[in-house]
Amino acid sequence: MADLDKPVPRDQEVLVKIHAASVNYGNLVLLKGKPYLARFAYGLLKPKHTVPGGDIAGQVEAVGKDVTQFRPGDNVYGDLSGCGWSGFAEYVSVPEKALTIKPANLTFKEAAAVPMAGVTALQALRNKGNIQAGQNVLIYGASGGVGTFAVQIAKSFGAEVTGLCSTRNLDILRTIGADPCHRLYKGGFRQKDREVCLILAVNGYQPISAYKRALKSNGTYVLSGGSGAQFTQAMVMGPWISFTGNKKMSSTAAEAKSGRPDLHERTY
Ligand SMILES: NC(=O)c1ccc[n+]([C@@H]2O[C@H](COP(=O)([O-])OP(=O)(O)OC[C@H]3O[C@@H](n4cnc5c(N)ncnc54)[C@H](OP(=O)(O)O)[C@@H]3O)[C@@H](O)[C@H]2O)c1
């Protein structure tokens, strides 16, 4: 913990008094500098950003002279991972393009939980997975940050959703409307989950061949998180499998800046 000077907003910046911030895996990566590959983005020998904190919700306290979209008193939320982090502080000064007006029906705490995980889930299912009503969708790693959003978003598209997690969290999945499935099933897939239209791999590890087998013809697999090996396989082998067969295997990483319209409008 340290005392820092209160930031002063530049011309295009908004000074936000932070009411709530959420903790995502990305904060841990920033803090530990691991996996090492992340140091290219976050600082090779020491952290480029000394105050972590990506997702925030708060109130605008002051605005720079070129700011057009916000006024003092506005309640806002957003993902600061693309513009210097710093959400784990009392105040942050950020470019206005990082923020969106907070929906009135969300508390600050609820709003701060949405940006990174919610946008990751939405973009993975809608942009990469091209999710359609009536499809059966398997969310692998469904009970955590990204997964619980993914289950609910997939349901809102009219999909039939199976969520996979450990037994202790099966009730979470029932509460949010997924058909729960626990990890004890061999390979993570039950027989009835082997004819799936769309798989979102949120976490864990399965060889890409297992996901491919579980997909029906013309099915789509999208990876948004999980082990390094899972990522490497999706990035290296995914394009080749997609090119040579009738199943699409891809990976995705939501970008803070592309998420803003998704937080702003009800586009799904
Ligand atoms: N949170 C974000 O904003 C965000 C954004 C982009 C990418 N990601 C990436 O997405 C991944 C998950 O993040 P998260 O925030 O959703 O994490 P989280 O809240 O910790 O949730 C992890 C989920 O994965 C399940 N899980 C744990 N070990 C597993 C295994 N061996 N096999 C299958 N499932 C397993 C957990 O289920 P049980 O606990 O029930 O076992 C839980 O459903 C991470 O790799 C992260 O880097 C996260």
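These figures come from a predicted structure and were not determined experimentally.

1. Concerning the domain arrangement of the chain
Phase 1: By domain assignment, the chain separates into domain 1 (13-113) and domain 2 (116-251).
Phase 2: The straight-line distance from the C-alpha centre of domain 1 to that of domain 2 is 28 Å.

2. Considerations on the pattern of salt bridges
Phase 1: With the rule as written, the count across this model stands at five salt bridges.
Phase 2: Among the ionic pairs, aspartate 11 bridges to lysine 65, the shortest N-O distance being 3.7 Å. One end of the pair, aspartate 11, is in the segment before β1 (13-22); the other, lysine 65, is in the loop between β2 (55-63) and β3 (75-79), with 54 residues separating them in the sequence.
Phase 3: Taking relative accessible area as the criterion, lysine 65 reaches 66% and is therefore assigned exposed.
Phase 4: Here the salt bridges do not stand alone but share partners, grouping Asp11, Lys65 and Asp66 into one network.

3. Brief notes about helix α8 (residues 228-236)
Phase 1: What α8 keeps buried is the set Gln230, Gln233 and Ala234. The buried residues of α8 occupy one face: seen down the axis, they fall within an arc of 95°. Exposed positions of α8 whose direction lies more than 90 degrees from the buried face are Gly228, Met235 and Val236.
Phase 2: Buried residues along α8 sit against β9 (196-201), α7 (208-214), β10 (215-223), α9 (238-244) and β11 (248-251).

4. As for the packing of aromatic side chains
Phase 1: Within this structure, the stated rule accounts for four aromatic pairs.
Phase 2: With centroids separated by 5.7 Å and ring planes inclined at 85°, the aromatic side chains of tyrosine 140 and tyrosine 211 adopt a geometry described as edge-to-face. Here tyrosine 211 lies in helix α7 and tyrosine 140 lies in strand β6 (residues 136-140), a separation of 71 residues in the sequence.
Phase 3: By way of ring pairs, the aromatic residues Tyr140, Tyr211 and Tyr221 are connected into one cluster.
Phase 4: Taking NZ or CZ as reference, lysine 6 lies 4.3 Å from the ring centre of tyrosine 91, over its face.
Phase 5: Above the plane of the ring of phenylalanine 108 lies lysine 102, whose end atom (NZ or CZ) is 5.0 Å from the centre.

5. Topic: the sheet that holds β1
Phase 1: Strand order in the open sheet formed by five strands is β4-β1-β2-β3-β5, with antiparallel pairing between adjacent strands. Bordering the open sheet on either side are β4 (91-95) and β5 (99-101), each of which pairs with just one other strand. Strand-to-strand twist across the sheet, computed as the mean angle between neighbouring axes with direction ignored, equals 45°.
Phase 2: Examined bridge by bridge, β2 and β3 share five bridges and lie antiparallel to one another. By the bridge assignment for β3, glycine 58 is matched with valine 76.
Phase 3: The strands that helix α4 (residues 115-128) touches are β2 and β3; relative to β3, the one it contacts most, it runs at about 60°.

6. Observations regarding the nonpolar core
Proteins that are soluble and globular tend to have nonpolar side chains buried together.
Phase 1: Counting 25 residues, the largest nonpolar core has Leu125, Ile139, Val151 and Leu200 as its most contacted members.
Phase 2: At the level of elements, α4, β6, α5 (145-156), β7 (160-165), α6 (170-175) and β9 are the ones that each hand at least two residues to this core.
Phase 3: Judged by nonpolar contacts, the second largest core, of 18 residues, contains Leu164, Ala210, Tyr221 and Ile241.

Here is what the cut-offs are and how they apply
Residues numbered from 1 in each chain as written. Predicted model: local features only at pLDDT ≥ 70, side-chain atom pairs only at ≥ 80, totals over all residues. Heavy atoms only, no water. Domains from an automatic or database assignment. Salt bridge = Lys/Arg side-chain N within 4 Å of Asp/Glu carboxyl O. Helix = DSSP H or I, 4+ residues; strand = E, 2+ residues; numbered from the N terminus. Buried < 20%, exposed > 50% of the residue type's maximum accessible area, 1.4 Å probe, protein only. Arc of directions from axis to C-beta. Contact = heavy atoms within 4.5 Å. Phe/Tyr/Trp six-rings, centres within 6.5 Å; stacked < 30°, edge-to-face > 60°. Lys NZ or Arg CZ within 6 Å of the ring centre and 35° of its normal. Pairing = 2+ DSSP bridges. Axes fitted to C-alpha atoms, helices over the stretch in contact; angles between N-to-C directions. Core = buried A, V, L, I, M, F, W, Y, C linked by side-chain atoms within 4.5 Å.

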